[in-house]
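Architecture and fold: a report
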Amino acid sequence: MSNDLKQDALDYHAYPTPGKLSIELSTDALTARDLALAYSPGVAEPVKAIAENPEDAYKYTMKGNLVAVISNGTAILGLGNLGALASKPVMEGKGLLFKRFANVDSIDIEVDTTDVDDFVKTVENIAETFGGINLEDIKAPECFEIEKQLIEKCNIPVFHDDQHGTAIVTVAGMLNALEIQGKDIKTAKMVCLGAGAAASACSKLLITAGMNPQNIFMLDRQGVIHTGRTDLNKYKQEFAVDTDRRTLDDAMEGADIFLGLSGPNLLTQEQAKKMAPKPIIFACSNPDPEIAPAEALAVLDDLIMATGRSDFPNQVNNVLGFPFIFRGALDIRATRINEEMKLAAAHAIKDLAKLEVPQGVVDAYGGDPLSYGKEYIIPKPMDERLLNAVAGAVARAAVETGVAKLALPEKYKI
Ligand SMILES: NC(=O)C1=CN([C@@H]2O[C@H](COP(=O)(O)OP(=O)(O)OC[C@H]3O[C@@H](n4cnc5c(N)ncnc54)[C@H](OP(=O)(O)O)[C@@H]3O)[C@@H](O)[C@H]2O)C=CC1
Ligand SMILES: CC(=O)C(=O)O
Ligand SMILES: [Mg+2]
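If you're wondering where the values come from, they're calculated on a predicted model, not measured in any experiment.

**Here's the deal with the overall build of the chain**
Assigned secondary structure in the chain consists of 17 helices and 10 strands. Since a compact globule built from 414 residues should have a radius of gyration of about 22 Å, the 22 Å found for the chain is in line with a globular shape. By principal-axis analysis of the C-alpha atoms, the chain measures approximately 75 × 50 × 45 Å. Each of the 414 residues in the chain was classed as buried or not, and the buried ones make up 44%. For the chain, the share of sequence-separated contacts (at least 6 apart) that also reach a separation of at least 24 residues comes to 68%.

**Structural notes on the pairing of strand β9 (residues 280-283)**
Every second residue of β9 is oriented toward a common face, with Ile-280 and Phe-282 on one face and Ile-281 and Ala-283 on the other, all of them buried. In the sheet, strand β8 (residues 257-260) pairs with β9 via 4 bridges, with the strands oriented parallel. Directly across from Leu-259, in β9, lies its bridge partner Phe-282. Note: β9 against strand β10 (residues 304-307), 4 bridges, orientation parallel.

**Section: the site of ligand 2**
The environment of ligand 2 is made up of Leu-77, Asp-137, Asp-161, Asp-162, Asn-286, Gly-308, Asn-317 and Asn-318. Here the shell around ligand 2 is built from residues that sort into 1 nonpolar, 4 polar and 3 charged.

**Concerning the site of ligand 1**
Residues in close proximity to ligand 1 total 28 residues, the closest being Gly-78, Gly-196, Asp-220, Ser-285 and Gly-308. Of all the elements in the fold, those that place two or more residues in the shell around ligand 1 are α8 (161-181), α9 (197-208) and β6 (216-220). The element contributing the most residues to the shell around ligand 1 is α9, with 3 residues. The residue makeup of the shell around ligand 1, split by class, is 13 nonpolar, 11 polar and 4 charged. Here the shell around ligand 1 spans two domains, and each of domain 1 (3-156) and domain 2 (162-414) adds at least three residues to it.

**A look at the domain arrangement of the chain**
In terms of domains, the chain is made up of domain 1 (3-156) and domain 2 (162-414). The distance between the C-alpha centroids of domain 1 and domain 2 comes to 26 Å. Each partner contributes residues to the interface: domain 1 has 24 residues there, and domain 2 has 27 residues. Of all the secondary-structure elements, those providing two or more residues to the side of domain 1 that touches domain 2 are α5 (88-102), β3 (132-135) and α7 (142-153). At 4 residues, α5 tops the list of elements feeding residues into the side of domain 1 that touches domain 2. Considering only residue class, the side of domain 1 that touches domain 2 consists of 14 nonpolar, 7 polar and 3 charged.

**A word on the environment of Arg-333**
You can see Arg-333 is positioned in the loop between α14 (322-331) and α15 (339-352). Assessed through the 20 C-beta atoms surrounding it within 10 Å, Arg-333 is described here as buried. Separated by 32 residues in sequence, Arg-333 and Tyr-365 place their C-alpha atoms 34 Å apart. Once residues within four sequence positions are removed from consideration, Arg-333 is found in contact with Tyr-58, Ala-404, Lys-405 and Leu-406.

**Remarks on the environment of Met-91**
Turning to its location among the elements, Met-91 is positioned in helix α5. A C-alpha to C-alpha distance of 7.9 Å links Met-91 and Ile-109, two positions 18 residues apart in sequence. Residues within four places of Met-91 in sequence aside, it is in contact with Val-69, Ser-71, Asp-108, Glu-110 and Glu-136.

**Concerning the sheet that holds β10**
One open sheet accounts for 6 strands, arranged β7-β6-β5-β8-β9-β10; its pairing is mixed. For this open sheet the edge positions go to β7 (223-224) and β10, each flanked by a neighbour on one side alone. Sheet topology places strand β5 (residues 190-193) next to β6; 4 bridges connect them, and they run parallel. Bridging from a neighbouring strand, Cys-192 pairs with Met-218 of β6.

How each quantity is defined
Residues numbered from 1 in each chain as written. Chains lettered and ligands numbered in written order. Predicted model: local features only at pLDDT ≥ 70, side-chain atom pairs only at ≥ 80, totals over all residues. Helix = DSSP H or I, 4+ residues; strand = E, 2+ residues; numbered from the N terminus. Rg over C-alpha atoms; globule rule 2.2 N^0.38 Å. Buried ≥ 20, exposed ≤ 12 C-beta atoms within 10 Å, placed from the backbone. Contact = placed C-beta atoms within 7 Å. Pairing = 2+ DSSP bridges. Near = placed C-beta within 6 Å. Nonpolar A, V, L, I, M, F, W, Y, C, P; charged D, E, K, R; others polar. Domains from an automatic or database assignment.

Written out as structure tokens, the structure is:
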């Protein structure tokens, strides 16, 4: 990152007031009567109503449009375990995106523990406050158990964004990239660098979308995950393949796809050059990708290149998912976010990339024409059509699969 951008980023967070969010009143509080309604004695009435019927919390409080963004800071972007407090700018950032793109209110909560039971208990005890829970930047393998337990214990959607938000957006972009490169997902060979939260969820959803598990070489810090390894936890074991390839160098030979969900600058030009013709690189580590686009494109002229960043073409980032997925889930009061809802979101994002791009989006990204192709495989976050397309798809899938407590709103009917 340039020194200018670093200082601008610090100033952006410091001014005009520290942070990126504030809380605003949504009712009048100007007169004694207003206070008599908002506070004592009036507030006793909604209290009694909710005590009698908990669903009234949706009617009389902000619960129904409020999502908690919760982290313990153990996997902050690709920066690693920098602790709960240091994750706060990212969590406030997720709040900014929730509000900006989907008018979802959110509050960030940084839980200072790495103990799974402790974390689960903390979240379980506050869950009723919210309409949904977005878990963020919690490292594997703890994130898997935390999410599983919270889904079981909570009657509101609990969604680990780094797993499922990332997977939904990656599948959307990958299906389009494969189509543009003329490759079939059933036979495409993929190297996935990283075996954590994002890598395992992305690989699983790609398998659901048609990828052959035997065609995936997943790597962690020890190299290729293969059946001969004795150091694998149960989550990594799911991806073990019978192969004599051991290193990233070995794995890259003839690969159609490189999916990076690991850390910065881990793929060299020499390794990229080993890929099959018409390759696809999604170097999604934030803020610094596994390989810089300029480096990869310098050695592979037929490449489709994507990163997680806003300042390069093809931003494969969960920002395209979580705001709209929660919007759809909250609008029909979903009890969970199931596989059908995730796939519906992926297809809605994928399909939107094929439509003509509105001029407002083109202008927001510098004015160069944008159309479906190698440098535009996925919509831009500023595309306002994402809201209805993705939230609607999610809401319809929830209604169809019986996890919606409310009927489908008119705006989502097709
Ligand atoms: N673009 C997007 O939307 C998103 C991008 N990401 C990015 O994905 C990355 C991982 O995040 P997440 O899954 O949440 O974190 P996790 O901590 O759960 O997983 C990190 C994984 O990366 C592996 N890894 C780290 N360094 C290396 C290395 N030098 N060589 C090989 N493997 C390595 C780790 O290996 P080991 O298991 O051996 O420790 C681990 O499997 C981050 O960079 C993050 O920014 C994540 C979510 C969304
Ligand atoms: C984008 C995101 O959630 C991450 O890099 O962790
Ligand atoms: Mg994250």
